[in-house]
Amino acid sequence: MSKTKLYTRRFMRNKSAVVGLVVFGLIVAFALTGPFFQRYDHVELDFLALSEGPSADHWFGTNSGGNDLFAQVVFGLQRSLMIALAVSSGATVLAALVGASAAYFGGNVEKALVGFIHFLMATPTFLIVAMMSEDSGGDWRVISLVLIFMTWFFLARTIWTLSLSLREREFITASRYMGVPGVMIVLRHMVPNIASLLIVNWTLGVIQAVQMETALSFLGFGVKLPDVSLGSLIRVGADTITSSPWLFYFPAAVLTLLTVSLALISDGLRDAFDPTSGAGGHA
């Protein structure tokens, strides 16, 4: 049995992980197909329906300005997913390259990279992100770059620790004696051998990015109008939760389903890659 089939089999035997995968698939489908069902654009105003509850015309209701909440939730979900996927992918790639390179090259390179990682770990991350995001003007691309820069080093340190023993393996030593460049050894031998860790942490990174973006938007440091995200919608809904509760509950429900489904998927992936786990059943 190939490794892919084995991992898939072990993952599919984890019922909660399968449920999480189905829920996440439905959320992605909602984000992709939602625009085909919405009657209004997320910036379009309906002055005849101000702060109106869910109805046949506005499925999720409207806010005080007459914006259709269904359209805003669909667009906000798309924006949050784009930010989360970009941040998690960028941070994972950067962490893998820096962590594995520090372990392989050693010496002054290792001291410089690990020292820089420890310096970033000692800084007040959230305050720096908030200040840099405030100057971004609410541009989601700038916010994504800021979040990548401030989240990659935690995983990089873990990868560096694991790679210290990996660099002493026979196939790494053989590649070095055969004259393979160090950069190629890192890319072709060291990084692929920690792929399972990277996949699991990529999934967890998506959850972390969603939560950080939501927190920034909730505090007013994230995306700004006319752009919207789940975090900015929740911030607006929290201010009117007593008078217009639908403005809070619909985006909050979508956000909860997104993070919980990803958490279940990450648990399933961790069990599938862990040979000591009982998720694969018994022979």
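Quick caveat: nothing in here was measured; it's all calculated off a predicted structure.

This part covers the overall build of the chain. What the chain contains, in helices and strands, is twelve helices and zero strands. Put simply, the chain runs from its N terminus to its C terminus through helices and strands in the order α-α-α-α-α-α-α-α-α-α-α-α. Taking the principal axes of its C-alpha atoms as reference, the chain extends roughly 75 × 50 × 30 Å. Considering the chain as a whole, with its 283 residues, one finds that 45% of them fall into the buried category. Within the chain, residue pairs in contact and separated by at least 24 positions form 69% of the contacts whose partners lie at least 6 positions apart. Only carbon and sulfur atoms are counted for the fraction: they give 68% of the accessible area of the chain, which is about 14,300 Å². Distance from the positive charge centre (18 side chains) to the negative charge centre (18 side chains) of the chain: 18 Å.

Turning our eyes to something else, we now look at the pattern of salt bridges. Under the counting rule described, the total for this entry stands at six salt bridges. In this structure, Arg 167 engages Glu 110 in a salt bridge whose closest nitrogen and oxygen atoms are separated by 4.0 Å. Residue Arg 167 is located in the loop between α7 (152-166) and α8 (170-177), and its partner Glu 110 is located in helix α4 (residues 107-122); the two are separated by 57 residues in the primary sequence. When salt bridges with common partners are traced through the structure, they connect Glu 110, Arg 167 and Glu 168 into a single cluster.

Our next topic: the packing of α8 against helix α9 (residues 182-190). In a packed pair of helices, the relevant descriptors are the angle between the two axes and the axis-to-axis distance. Axis separation between α8 and α9 bottoms out at 11 Å; the angle between their running directions is 150°. As judged from the angle between their axes, α8 and α9 are roughly antiparallel. Considering only the axes of α8 and α9, their crossing is right-handed. Together, Phe 171, Ile 172, Ser 175 and Arg 176 of α8 and Ile 185, His 189 and Met 190 of α9 make up the contact between the two elements. Among the residues making up the contact of α8 with α9, the classes are represented as four nonpolar, two polar and one charged.

Packing of helix α3 (residues 69-105) against helix α6 (residues 140-149) leaves a shortest axis separation of 9 Å and a crossing angle of 35°. Our pair here, α3 against α6, has a crossing hand that is right-handed. For the pair α3 and α6, the contacting residues are Arg 79, Met 82, Ile 83, Ala 86, Val 87, Gly 90 and Ala 91 in the first and Trp 140, Ser 144, Leu 147 and Ile 148 in the second.

Put simply, the largest pocket is a space of about 360 Å³. Lining the largest pocket are 25 residues; nearest its centre among them are Asn 63, Asn 67, Gln 72, Leu 225 and Val 236. Elements supplying a minimum of two residues to the lining of the largest pocket: α3 and α11 (230-239). Take the lining of the largest pocket: its biggest share by element is five residues, from α11. For the lining of the largest pocket, the residue count by class is ten nonpolar, twelve polar and three charged.

Core analysis: the biggest nonpolar cluster contains 65 residues, and Leu 77, Leu 147, Trp 152, Ile 159, Met 190 and Leu 258 have the highest contact counts within it. The element contributing the most residues to this core is α3, with 15 residues. Those residues within four positions of Trp 152 in sequence are excluded, and the remaining contacts are Ala 91, Leu 94, Ala 95, Val 98, Phe 116, Ile 117 and Leu 120.

For the coordinates displayed, the defined rule picks out one cavity of 30 Å³ or more. Empty space within the largest cavity amounts to approximately 40 Å³. What lines the largest cavity is Phe 37, Gln 38, Arg 39, Asp 57, His 58, Trp 59, Asp 68 and Phe 70. In terms of residue class, the lining of the largest cavity is made up of three nonpolar, two polar and three charged.

About the cut-offs
- The residue numbers shown here count from 1 along each chain, following its written sequence.
- Reporting of local features is limited, given that this is a predicted model, to residues whose pLDDT is at least 70; pairs of side-chain atoms are given and counted only at 80 or more, and all residues count toward the totals for whole chains, interfaces and linings.
- Only hydrogens and water are set aside when side-chain values are computed; all heavy atoms of the structure are taken into account.
- Each helix is a run of H or I in the DSSP string that is no shorter than four residues. Each strand is a run of E no shorter than two, and both are numbered from the N terminus.
- Three labels apply to residues, based on accessible area from a 1.4 Å probe with only protein chains included: buried if under 20% of the type maximum, exposed if over 50%, partly exposed otherwise in between.
- Only heavy atoms matter for contacts: two residues are in contact if any of them lie within 4.5 Å across the pair.
- Accessibility throughout is a Shrake-Rupley quantity obtained with a 1.4 Å probe, and a residue counts as covered only by protein chains that appear here.
- In this count, Lys and Arg are taken as positive residues and Asp and Glu as negative ones, while His and the chain termini are left out.
- Lysine's charge is taken at NZ, arginine's at CZ, aspartate's at CG and glutamate's at CD.
- Salt bridges are defined by distance alone: a side-chain nitrogen of Lys or Arg within 4 Å of a carboxyl oxygen of Asp or Glu.
- For every element, the axis is a line fit to its C-alpha atoms; helices are fit only across the contacting stretch, and the angle between N-to-C directions ranges from 0 to 180 degrees.
- Convention used here: angles under 35 degrees read as roughly parallel, angles over 145 as roughly antiparallel, angles from 65 to 115 as roughly perpendicular, and any remaining angle as oblique.
- Should the near helix be turned anticlockwise from the far one by less than a right angle, the crossing is termed left-handed; should it be turned clockwise, right-handed.
- Only Asp, Glu, Lys and Arg are considered charged, only Ala, Val, Leu, Ile, Met, Phe, Trp, Tyr, Cys and Pro nonpolar, and every remaining residue, Gly among them, polar.
- Both site types are read off a 1 Å grid over the protein atoms alone. A 1.4 Å probe that fits but cannot get out defines a cavity, while an open set with protein on both sides within 12 Å along at least five of seven lines defines a pocket; lining residues have an atom within 4 Å of a point.
- Grid points are joined across faces, edges and corners, and a volume is the space filled by probe spheres set on the points.
- Here, nonpolar core refers to any group of buried Ala, Val, Leu, Ile, Met, Phe, Trp, Tyr and Cys residues whose side-chain atoms link them within 4.5 Å.

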